[in-house]
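Chain and residue survey
For reference, the chains in residue letters:
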Amino acid sequence: MSDVHSGGCQCGALRYQFRAALRDIAHCHCSICRRSTGGILTTWITVPLASFAWLAGTPTEFVSSASCTRSFCPSCGAHLTLFTTLSPETLDITVATLDQPERAPADRHIWVQSRLPWLHVDEQLPQEQQEHIP
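The paragraphs below set out a description of the structure included in this document.

Reading the values: rules and limits
- Residues numbered from 1 in each chain as written.
- Predicted model: local features only at pLDDT ≥ 70, side-chain atom pairs only at ≥ 80, totals over all residues.
- Heavy atoms only, no water.
- Salt bridge = Lys/Arg side-chain N within 4 Å of Asp/Glu carboxyl O.
- Buried < 20%, exposed > 50% of the residue type's maximum accessible area, 1.4 Å probe, protein only.
- Helix = DSSP H or I, 4+ residues; strand = E, 2+ residues; numbered from the N terminus.
- Pairing = 2+ DSSP bridges.

A word on the pattern of salt bridges
- Applying the stated criterion to the full structure yields four salt bridges.
- In this structure, Asp107 and Arg108 form a salt bridge, with 3.2 Å as the shortest nitrogen-oxygen distance.
- One salt-bridge network, held together by shared partners, links Asp24, Asp107 and Arg108.

A look at the pairing of strand β8 (residues 79–84)
- Burial within β8 is extensive, with five of its six residues counted as buried.
- As judged from the five bridges shared by strand β7 (residues 68–72) and β8, these two strands associate in the antiparallel manner. Bridging from a neighbouring strand, Ser71 pairs with Thr81 of β8.
- Sheet analysis places β8 next to strand β9 (residues 90–94), joined by two bridges and oriented antiparallel. Residue pairing in the sheet places Leu82 in a bridge with Asp92 of β9.

Given below as structure tokens:
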């Protein structure tokens, strides 16, 4: 059975909820995620798109590549979601914006070909040179 999980941006203008298991969680090392978040990596959870709903606010969207659209808070700039046409029935959510991010540990690394050479995080997890989309 899936639990209901919620989250939102720093200022509280955007709130979301989804019903899905906390699995399929990856540390992404791609340069686009680094530039869009300002972080050295971004940890994503992938959930069924149909399980996700915005509860408050309307995000600003940015098309970051030919296949990806990212959602941000128009007030505080927090990066919350990523939709990719390569997997149109799912949505990626930034784990850091969950109300309880401690419940969502990563299970792998993706785009490690772009990893910063001095970064060492969860090295025991499986590593994919690029992202594997089933």
